[in-house]
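Next come the chains, spelled out residue by residue.
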Amino acid sequence: MSRRYAWYVVAVLTLANVSGFIDRQILSLLVVPIRRDLGLSLTEMSYLIGLPFAIFYSLMGLPIARLADSGNRRNVIAVGIALWSVMTALCGLAGTYWRLLFARIGVGVGEAALQAPATSLISDYFPRDKLGGAMSVYALGVFLGSGLAYFIGGWVVGLLSEQEAWHWPLIGSIRPWQTVFIVVGLPGLLIALLMLTVREPERQDRSTGTVPVSTLFRYVRDNSRTFTCHSFGFALSATVNYGIAAWLATFLIQTHGWSAARAGMVQGSLTMTLGVLGVLAGGRLADSFVRQGHADGALRVGAIGAMGMLVSATAYPLAGSAGVVVGWLVVVNFFAAFPWGAASAAAAEIMPARMRAQGVAIYFFVLSLVASAVGPWSVAAVAEYGFGTDAALPQALAIVNVVGMCGAISLFIIGMPAYRKTLAVRDAWSPPSSVRS
């Protein structure tokens, strides 16, 4: 298939990634009205944002990835897109905490069908010295999606703030925050149909048969330092990002008196611009490291991004004025996005082709279980239990950032030699004769 078509596939998958992160992140801008209408504490809200999504997203990732390694990845992704879109719209019909919780679980199950199959698909379209750039384009969907979630959510909340309820045909009267879920959820069904135009590529490993789970975990065990340092290093970075994503709008509203609409539009604009620039720059730098002979380029990019975050994401919540906060957020958005194209490319390249989706699923399992669950909760816990008040969000954001980024930098540095060794082992790896066919 042509290089132009390969980039078309990346574009469709990026659009799916945008849709997924809009549906995932929209909840964080709606914290204030949901807490008010459902009577939730800050910690209860953190569970709603992170825990159910993270658990089911993580648990479903590996079985879906096994299906992708042995079947049609395009179809797996298309079904997942349709599921998370419908479940996001159903969040808009949830009038109680538990109904909203169950709908969020459905979103997590649907989104588990995207990342590992998509990473495997892209890896079969691009050579290694171009993979970081391709994955960075795909990863920019995270920041476009998150940015659009904040922007659209802020705009809709501002538009509907004067109304007690919004009237929908066949549905009746629902609250403004419920309307937001319906508005962002339903368009995903069109993307699911677009996904069906993607052709399944020829796999790099042409052998048939499914590699047993025992073989997969033996390979991971034999390369445990690489997997530990890569997965948990990026998971700690993502924990900080998820904590910021969950509570930044609330921080701006509570600490600096902003409206939800203003917080969403500023946060969305920065994420869509600086975040996109950051992830593209990180991907290009990772490819440049590889061309220069530095096989551990992805971990180098991860460390650079974490160092930038260590400074900027500690400074912004402690700044004295909203103007200085926004200035630091410019830097935060660039470095928060910087490593993610390289991170996904690394998750693919340390795996033999025949187990690639499953290996990537293990990475996303760790990433999601740690970051989605711990990120929102850790900020809330430090504020409520460490300081005893919701007003301590600034200090909590800074503390979580320092701990997370120092841990990530340490893991990336420790993991570089093992990462280089794993790439050499991967090139010589073949499955046991008992599983070849």
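Structure shown above.
These figures come from a predicted structure and were not determined experimentally.

Quick notes on the rules
Residues numbered from 1 in each chain as written. Predicted model: local features only at pLDDT ≥ 70, side-chain atom pairs only at ≥ 80, totals over all residues. Heavy atoms only, no water. Salt bridge = Lys/Arg side-chain N within 4 Å of Asp/Glu carboxyl O. Helix = DSSP H or I, 4+ residues; strand = E, 2+ residues; numbered from the N terminus. Buried < 20%, exposed > 50% of the residue type's maximum accessible area, 1.4 Å probe, protein only. Core = buried A, V, L, I, M, F, W, Y, C linked by side-chain atoms within 4.5 Å. Contact = heavy atoms within 4.5 Å. Axes fitted to C-alpha atoms, helices over the stretch in contact; angles between N-to-C directions. Parallel < 35°, antiparallel > 145°, perpendicular 65-115°, else oblique. Nonpolar A, V, L, I, M, F, W, Y, C, P; charged D, E, K, R; others polar. Patch = residues over 30% accessible without salt bridge, like charges linked within 9 Å, V, L, I, M, F, W, Y side chains within 5 Å. Areas by Shrake-Rupley, 256 points an atom, 1.4 Å probe, with all protein chains shown as cover. Left-handed = near helix turned anticlockwise from the far one by under 90°. Phe/Tyr/Trp six-rings, centres within 6.5 Å; stacked < 30°, edge-to-face > 60°. Disulfide = S-S within 2.5 Å. Polar contact = N/O pair within 3.5 Å; in protein donor to acceptor, adjacent residues only side chain to side chain.

**Here we look at the pattern of salt bridges**
- Tallied over the entire structure, the rule returns nine salt bridges.
- Glu 200 is the partner of Arg 73 in a salt bridge, and the nearest nitrogen-oxygen pair spans 2.6 Å. Note that Arg 73 is positioned in helix H5 (residues 73–91) and Glu 200 in the loop between helix H10 (188–195) and helix H11 (213–222), a separation of 127 residues in sequence.
- With relative accessibility at 23%, the residue Glu 200 sits in the partly exposed group.
- The partner of Asp 222 in a salt bridge is Arg 221, and the shortest N-O contact between them spans 3.6 Å.

**Digging into the nonpolar core**
- Grouped together as the largest cluster of nonpolar side chains are 141 residues, with contacts concentrated most on Ile 34, Trp 247, Tyr 316 and Trp 340.
- If near-sequence neighbours (up to four positions away) are discounted, Ile 34 is found in contact with Leu 27, Gly 39, Leu 40, Met 45, Leu 48, Leu 100, Trp 177 and Phe 181.

**Brief notes about the packing of helix H3 (residues 42–49) against helix H6 (residues 97–111)**
- It is the contact of H3 with H6, at a shortest axis distance of 9 Å, that shows an interaxial angle of 30°. Overall, the two elements H3 and H6 adopt an arrangement that is roughly parallel. Where H3 approaches H6, its residues Glu 44, Tyr 47, Leu 48 and Ile 49 are matched on the opposing element by Tyr 97, Leu 100, Leu 101 and Arg 104.
- Tallied by class, residues from the contact of H3 with H6 come to six nonpolar, no polar and two charged.

**What to know about a nonpolar patch on the surface**
- Taken together, the side chains of Tyr 47, Leu 51, Ile 55, Phe 56, Leu 59, Phe 365, Leu 369, Val 374 and Trp 377 define a hydrophobic patch exposed on the protein surface, amounting to about 710 Å² of accessible area.
- If you list the elements that add at least two residues to the nonpolar patch, you get helix H4 (51–70) and helix H17 (356–386).
- For Ile 55, the position within the fold is in helix H4.
- We classify Ile 55 as partly exposed; its relative accessible area is 31%.

**Points about the packing of helix H1 (residues 3–29) against H5**
- One can describe the packing of H1 onto H5 by two numbers: an axis separation of 10 Å at closest approach and a directional angle of 25°. The angle between H1 and H5 falls in the class roughly parallel. Pair H1 / H5 crosses with left-handed handedness. Residues Leu 13, Ala 16, Ser 19, Gly 20 and Asp 23 of H1 lie in contact with H5, whose contacting residues are Ile 77, Ile 81, Trp 84, Ser 85 and Thr 88.
- Grouping the amino acids of the contact of H1 with H5 by side-chain chemistry returns five nonpolar, four polar and one charged.

**With respect to the environment of Met 60**
- With respect to the helices, strands and loops of the structure, Met 60 is situated in helix H4.
- Linking Met 60 and Thr 43, residues 17 residues apart in sequence, is a C-alpha distance of 25 Å.

**Considering the environment of Ala 408**
- Mapped onto the elements, Ala 408 comes out in helix H18 (residues 393–428).
- With residues up to four places along the chain from it excluded, the contact list for Ala 408 reads Gly 233, Leu 236, Ser 237 and Ala 306.

**What about the packing of aromatic side chains?**
- A full pass over the atoms with the stated rule returns 13 aromatic pairs.
- Seen from their ring centres, Phe 234 and Trp 340 are 5.6 Å apart, and the 55° between their planes marks the pair as tilted. Residue Phe 234 is found in helix H12 (residues 224–256), and its partner Trp 340 is found in helix H16 (residues 340–349); the two are separated by 106 residues along the sequence.
- Its relative accessible area of 0% is what places Phe 234 among the buried residues.
- Note on Trp 340: relative accessible area 11%, which makes it buried.
- Relative to Phe 335, the ring of Phe 334 has its centre 5.3 Å away and its plane inclined at 90°; by these criteria the two rings are edge-to-face.

**Description of the state of the cysteines**
- Overall, the coordinates contain zero disulfides when judged by the stated rule.
- With no disulfide partner, Cys 406 has as its closest neighbouring cysteine sulfur the one in Cys 229, 16 Å distant.
- We classify Cys 406 as partly exposed; its relative accessible area is 36%.

**Looking at the side chain of Arg 24**
- Within the element layout of this structure, Arg 24 appears in helix H1.
- Owing to a relative accessible area of 6%, Arg 24 belongs among the buried residues under this scheme.
- Reaching out from Arg 24, the side chain makes a polar contact with the side chain of Tyr 242 at a distance of 2.7 Å.
- Those residues in contact with Arg 24 that sit more than four places away from it in its chain are Phe 53, Tyr 57, Arg 104, Glu 111 and Tyr 242.

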